[in-house]
Each structure stands twice: as C-alpha cells, then as structure tokens.
Amino acid sequence: MSRILVISTSLRAKSNSDILAEHLVRGAQDAGHEVDHISLKGKNLKFCTGCLSCQETQECILKDDAVWIAEKVKSADSLVFATPIYYYEMSGQMKTLLDRLNPLFPSDYRFRNVYMLATAAETGDNVPEKAVSGLQGWVDCFEKAELAGILFCGGISDPGEASGKVSAQEEAYQFGNDLK
Ligand SMILES: Cc1cc2nc3c(=O)[nH]c(=O)nc-3n(C[C@H](O)[C@H](O)[C@H](O)COP(=O)(O)O)c2cc1C
C-alpha cells in the first residue's frame, strides 16, 4: 500500500483533468492505496522568486498555500499531477507549483514515483510531449524519484466533457489501479 498524493492543477469549473483524476483516485483506492486528492483551485500560489534561501533552510520565504502542499508532496510515496495541456505544455499553475517545491530539493523527500494525467482538445501523441518533458526535467532533479507513467486523454475540450467519456474514465480508473 502506498501513500499517493493527487494534485489537480486545472482552475476551471467542471475541469476534465479533475473529473478523470477522480476516477484515477477511485482506482487507486480500490487497489488499497491511501489517497489524498487536492486541487489548486482557490489556492494562493505565488511565483518562485529564485532567492534560493530554501536550499539552506528547506523553507520558502513566501508564506502561502505552497508551503503545506510541499509538506504533503514530501511525505507521499507517489505523486500524480493532473493538468490540462496549455499550448502544448503543462498548465502554468502546475509549473509554478513545481518551482515552489524547490525547498524539497535538499530535503529527505519520500516520493519515488511521479505520474501525470493530461487532458487536451487534440488527440495526437505529440500533444503532451512538451508537458511530459517539463515534468521529466523536474523529476530528473529529484534523483531518488522516477517518472513512472503518463496518462494522456486527448479529444476532450469543453468543461465537463470528460463526464461523458466512459472510455477515458475507465482508462483513468485502471491507471489509478496500477499506480505503485
Ligand atoms: C490557454 C489554453 C491553452 C490550450 N492549449 C491547448 C493545446 O495546446 N492543445 C490542445 O489540444 N488543447 C489545448 N487547450 C484545451 C485544453 O487542454 C482542454 O480543454 C482540456 O480538456 C482542459 O482541461 P481542464 O478542463 O482540466 O482544464 C487549451 C486550453 C486553454 C484554456
């Protein structure tokens, strides 16, 4: 049994990536994992200013929601980032969060497996490539962790559309069921 943290990064109502993340969560829970699912909606998340004091103190000088989110990230076994594809990249708020997790870099973080669930309007295999590459870059810096899996669900555009996409829901459930 793993402690899994799922972070939904879309800020819109009826978010497709969040809807699919719910199915993923159910799959992971059915596999016996302990799952915590949080959303960045309504959270106060400032940009990293690059001061690097966190590399000495393991604490961020910015006191906002990134502080407690980083604590959850630090103590999970596995992380799942759910994101919409924005201009062939991860959402800006997901990138902001990854930067704000910099206090964990010198820390004794627990996570070993990192996953991404991405939704997009288009369907091509190339659509999530740059988002995957961006997350891979972050994971590469956390040498005890690996990018363990990607679920890309394309062809989903309007808010709430994922509610009618049974095959994507089943894929998300199975992906969750198979998490390490
Ligand atoms: C600013 C912005 C940029 C987007 N860029 C892309 C894109 O490059 N490729 C694509 O297929 N869809 C793109 N989309 C569509 C979203 O990825 C799609 O609607 C997705 O289902 C949204 O997920 P969400 O409901 O979880 O936010 C974009 C949407 C927005 C708002």
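Residues numbered from 1 in each chain as written. Predicted model: local features only at pLDDT ≥ 70, side-chain atom pairs only at ≥ 80, totals over all residues. Heavy atoms only, no water.

Asker: Pulling in residues and values, what's your account of the nonpolar core?
Answerer: In terms of nonpolar packing, the biggest core is built from 32 residues, with Phe81, Phe111, Val114, Leu135 and Trp138 touching the most fellow members. Mapped onto this core, the elements with two or more residues apiece are strand 1 (3-8), helix 3 (65-75), strand 3 (78-84), helix 4 (92-100), strand 4 (113-119), helix 5 (129-141) and strand 5 (146-153). Ranked by the residues each element gives to this core, the list is headed by helix 5, at 4 residues. Discounting residues that sit within four places of it in the chain, Val114 has contacts with Leu79, Phe81, Leu135, Trp138, Val139, Ala145, Glu146, Leu147, Ala148 and Gly149. Core analysis: the second largest hydrophobic core is formed by 21 residues, Ala21, Tyr115, Leu151 and Phe175 among them. (Core = buried A, V, L, I, M, F, W, Y, C linked by side-chain atoms within 4.5 Å. Buried < 20%, exposed > 50% of the residue type's maximum accessible area, 1.4 Å probe, protein only. Helix = DSSP H or I, 4+ residues; strand = E, 2+ residues; numbered from the N terminus. Contact = heavy atoms within 4.5 Å.)

Asker: Quick one: what's the story with the layout of surface pockets, residue by residue and with numbers?
Answerer: Roughly 260 Å³ of volume is contained in the largest pocket. In this structure, the largest pocket is lined by 17 residues; those nearest its centre are Pro84, Ile85, Thr119, Ala120 and Ala121. For the lining of the largest pocket, the residue count by class is 9 nonpolar, 6 polar and 2 charged. Empty space within the second largest pocket amounts to approximately 160 Å³. For the second largest pocket, the lining is made up of 13 residues, of which Gln58, Glu59, Ala70, Glu71 and Pro103 are closest to its centre. The element best represented in the lining of the second largest pocket is helix 3, accounting for 5 residues. Class assignment of the residues belonging to the lining of the second largest pocket gives a composition of 6 nonpolar, 2 polar and 5 charged. (1 Å grid on protein atoms, 1.4 Å probe; cavity = no way out; pocket = protein on both sides within 12 Å on 5 of 7 lines; lining within 4 Å. Points joined across faces, edges and corners; volume = space filled by probe spheres on them. Nonpolar A, V, L, I, M, F, W, Y, C, P; charged D, E, K, R; others polar.)

Asker: Describe helix 1 (residues 16-30), and please don't skip the residues or the numbers.
Answerer: Look at helix 1: 22 Å from first C-alpha to last across 15 residues, which is about the 21 Å you get at 1.5 Å a residue. Counting buried positions along helix 1 yields 11 of 15 residues, so the element is predominantly enclosed. Turning to helix 1, its buried residues are Asn16, Ser17, Asp18, Ile19, Leu20, Ala21, His23, Leu24, Val25, Gly27 and Ala28. Against strand 1, strand 2 (34-39), strand 3, strand 4, strand 5 and helix 6 (166-177) lie the buried residues of helix 1. Taken from the residues just after helix 1, Gly32 is the one with a positive phi, measuring 95 degrees. (Expected span 1.5 Å × (residues − 1).)

Asker: Let's hear about the pattern of salt bridges: which residues, and what values?
Answerer: Using the criterion set out here, one finds 7 salt bridges in the structure. Of the charged contacts in the structure, one is a salt bridge between Asp64 and Arg100, with a shortest N-O distance of 2.8 Å. Note that Asp64 is positioned in the loop between helix 2 (54-57) and helix 3 and Arg100 in helix 4, a separation of 36 residues in sequence. Taking relative accessible area as the criterion, Asp64 reaches 9% and is therefore assigned buried. (Salt bridge = Lys/Arg side-chain N within 4 Å of Asp/Glu carboxyl O.)

Asker: Tell me about helix 3, and name the residues and values.
Answerer: Because the α-helix completes a turn every 3.6 residues, residues three or four places apart line up on one side. If you check which residues of helix 3 are buried, you get Asp65, Ala66, Ile69, Ala70 and Val73. Viewed along the axis of helix 3, the buried residues span an arc of 130 degrees, placing them on a single side of the element. Those residues of helix 3 that are buried are in contact with strand 1, strand 2, strand 3 and helix 4. By the N-cap criterion, in which a side-chain oxygen at the helix start approaches the backbone nitrogen of a residue two or three places on, helix 3 is capped by Asp64, the distance to Ala66 being 3.1 Å. (Arc of directions from axis to C-beta. Polar contact = N/O pair within 3.5 Å; in protein donor to acceptor, adjacent residues only side chain to side chain.)

Asker: Before we move on, can you summarise the side chain of Asp64 with the specific residues and values?
Answerer: Polar side-chain contacts of Asp64 include one of 2.8 Å to the backbone nitrogen of Lys46. At 3.1 Å, the side chain of Asp64 and the backbone nitrogen of Ala66 are in polar contact. Residues in contact with Asp64, not counting those within four places in the same chain, are Asn44, Leu45, Lys46 and Arg100.

Asker: Break down the site of the ligand for me, citing the residues and quoting the values.
Answerer: The environment of the ligand is made up of 17 residues, and the closest members are Ser10, Ser15, Ser17, Ile85 and Ile156. Contact between the ligand and Tyr88: an oxygen atom at 3.0 Å from a main-chain N or O atom of the residue. Alone, the ligand offers 650 Å² of accessible surface; in the complex the protein occludes 79% of this. Applying the majority rule of atoms within 2 Å of the grid points places the ligand in the largest pocket. Residue classes in the shell around the ligand are distributed as 9 nonpolar, 6 polar and 2 charged. (Near = heavy atom within 4 Å. Areas by Shrake-Rupley, 256 points an atom, 1.4 Å probe, with all protein chains shown as cover. Sits in = over half its atoms within 2 Å of the grid points.)

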